[in-house]
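Coordinates in review
The chain contents come next:
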Amino acid sequence: MSFDLAARLAARRAENLYRQRPLLESPQGPEVVVDGQPLLAFCSNDYLGLANHPQVIEAWRAGASRWGVGGGASHLVIGHSTPHHELEEALADLTGRPRALLFTTGYMANLGAVTALVGQGDTVLEDRLNHASLLDAGLLSGARFNRYLHNDAQSLANRLEKAIGNTLVVTDGVFSMDGDIADLPALARQAKARGAWLMVDDAHGFGPLGANGGGVVEHFGLSQDDVPVLVGTLGKAFGTAGAFVAGSEALIETLIQFARPYIYTTSQPPALACATLKSLELLRTEHWRREHLQTLIRQFREGAGQIGLQLMDSFTPIQPIMIGDAGRAVRLSQMLRERGLMVTAIRPPTVPAGSARLRVTLTAAHSEAQVQLLLNGLADCFQELGPEPSHA
């Protein structure tokens, strides 16, 4: 018996599901060079346009000059530097919580939080469309794992009735492939009524949402009592890298003691924390970035509606165009690229079978003229490709 890897890869190619990494040969921004081709990109999660901001770059350089490059060790050995600590305090202030804990990646933050809080004899209930890192965390926790219908508080309530032990309800704040937001008030009511905790991964909400960029929890005006465990990532609207969990003193101390992905990994470079401190300052003070982004979102949705595109219900920078067939989605993405526009085709298993889509993401660094170029390109491509063949 042997691993037939070639057959697995061939099958994925035949199903139009094979993935290849585009090679970015320029900094992040609306205008990029990918695989040698200049393109106008609409596929980055750099929502506020901070990944290549001069002040953020300068903060990184200054941080490296003072603190060096590597973290050196785990946080619990000798890797917890002053910039890490200052960033945790600033993130706690952003979220209005007593403490925040810095993780090296969002995947690790989710894995660490879930597996530290629940285990055998407990229950994890997750939205069906949660990010892979949340689903993996639930499965790896050893707790009873169940998924409720997408954004459906009644479906959650039905599952809460059968829950055992400590129960953790887990949801994305903004769903990364659909762009819709979780109905946190309804989910929080159901969780609190059953003595469960609600954990929200707001990777795509921090920055674009909330009056001060505090994400979906700020958007709804909820408290730590409603959402005891709040996760955010720094590689999207913050424009840098890493992640954090914010919550009570007891929660953060529990994660420091029991979250294995936190304990057993080297801390992020201190200079990265310096850069993130600067991007956090820009995120909180330069409100024009959120306002301009909202203008672009309205422009895109109105223009797409005039073309007759099937958009999903989203007021966030994530604007998916539903296609259905994976091969058709790939072809449209290729046609757009031939016109100098980069829009990624998202296919199963990232999204459910039959729901392949073009995932448009808008950023504060885009201009209204660039969004119009995208709309013109989409109109041309859909007209050229024609209607989807009937399967009747």
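Predicted, not measured: the structure shown is a model, and the values here were computed from it.

About the cut-offs
- Residues numbered from 1 in each chain as written.
- Predicted model: local features only at pLDDT ≥ 70, side-chain atom pairs only at ≥ 80, totals over all residues.
- Heavy atoms only, no water.
- 1 Å grid on protein atoms, 1.4 Å probe; cavity = no way out; pocket = protein on both sides within 12 Å on 5 of 7 lines; lining within 4 Å.
- Points joined across faces, edges and corners; volume = space filled by probe spheres on them.
- Nonpolar A, V, L, I, M, F, W, Y, C, P; charged D, E, K, R; others polar.
- Domains from an automatic or database assignment.
- Contact = heavy atoms within 4.5 Å.
- Buried area = accessible area lost by both parts, 1.4 Å probe.
- Salt bridge = Lys/Arg side-chain N within 4 Å of Asp/Glu carboxyl O.
- Polar contact = N/O pair within 3.5 Å; in protein donor to acceptor, adjacent residues only side chain to side chain.
- Helix = DSSP H or I, 4+ residues; strand = E, 2+ residues; numbered from the N terminus.
- Core = buried A, V, L, I, M, F, W, Y, C linked by side-chain atoms within 4.5 Å.
- Buried < 20%, exposed > 50% of the residue type's maximum accessible area, 1.4 Å probe, protein only.

For the rest of this paragraph, the subject is empty space enclosed by the protein. Enumeration according to the criterion identifies two cavities of 30 Å³ or more in this entry. What the largest cavity holds in volume is close to 60 Å³. Along its surface, the largest cavity is lined by Q28, G29, P30, A41, F42, C43, S44, D46, G49, T363, A365 and H366. Looking at the lining of the largest cavity residue by residue, the classes come out as five nonpolar, six polar and one charged. Roughly 30 Å³ of internal volume is contained in the second largest cavity. Along the walls of the second largest cavity sit H75, L102, F103, T104, M108, P261, Y262 and T265, which together make up its complete lining. When grouped by side-chain class, the residues that make up the lining of the second largest cavity number five nonpolar, three polar and no charged.

For the rest of this paragraph, the subject is the domain arrangement of the protein. Here the protein is partitioned into domain 1 (21-52 + 286-385) and domain 2 (71-268). Here the C-alpha centroids of domain 1 and domain 2 sit 28 Å apart. Listed by partner, the interface residues are 24 residues for domain 1 and 22 residues for domain 2. Both faces combined, the contact of domain 1 with domain 2 buries some 1,700 Å², and carbon together with sulfur accounts for 64% of it. Ranking the residues of domain 1 by area buried against domain 2 places Y47, R290 and F315 at the top, with a combined share of 28%. Counting across the interface, domain 1 meets domain 2 through one salt bridge. Scanning the region where domain 1 abuts domain 2 turns up seven residue pairs in polar contact (both at pLDDT 80 or more). Mapped by element, the contributors of at least two residues to the side of domain 1 that touches domain 2 are α13 (288-307), β10 (318-324) and β13 (356-361). Residue contributions to the side of domain 1 that touches domain 2 peak at three residues, all from α13. When its residues are assigned to classes, the side of domain 1 that touches domain 2 shows 13 nonpolar, six polar and five charged.

Looking at the largest pocket, its volume works out to about 1,200 Å³. Along the walls of the largest pocket sit 36 residues, with Q20, P22, M342, T344 and A345 positioned nearest its centre. At the level of secondary structure, the elements contributing two or more residues to the lining of the largest pocket comprise β1 (31-34), α14 (326-338) and β12 (344-346). At four residues, the largest contribution of residues to the lining of the largest pocket is made by α14. Residues of the lining of the largest pocket, tallied by class, amount to 15 nonpolar, 13 polar and eight charged. Here the lining of the largest pocket gathers at least three residues from each of two domains, domain 1 (21-52 + 286-385) and domain 2 (71-268). Of the volumes computed, that of the second largest pocket is approximately 380 Å³. Surrounding the second largest pocket, 17 residues form its lining, L129, N130, P349, T350 and V351 being those nearest its centre.

Turning our attention to the nonpolar core. Grouped together as the largest cluster of nonpolar side chains are 76 residues, with contacts concentrated most on L91, F300, I321 and L358. Counting residues per element, this core draws most heavily on helix α15 (residues 368-385), at six residues. If you count residues domain by domain, this core takes at least three from each of domain 1 (21-52 + 286-385) and domain 2 (71-268). Leaving out residues up to four positions away in the same chain, F300 has contacts with L311, Q319, I321, V360, L362, V371, L374, L375 and L378. F103, M108, L111 and V245 belong to the second-largest nonpolar core, a separate cluster that totals 28 residues.

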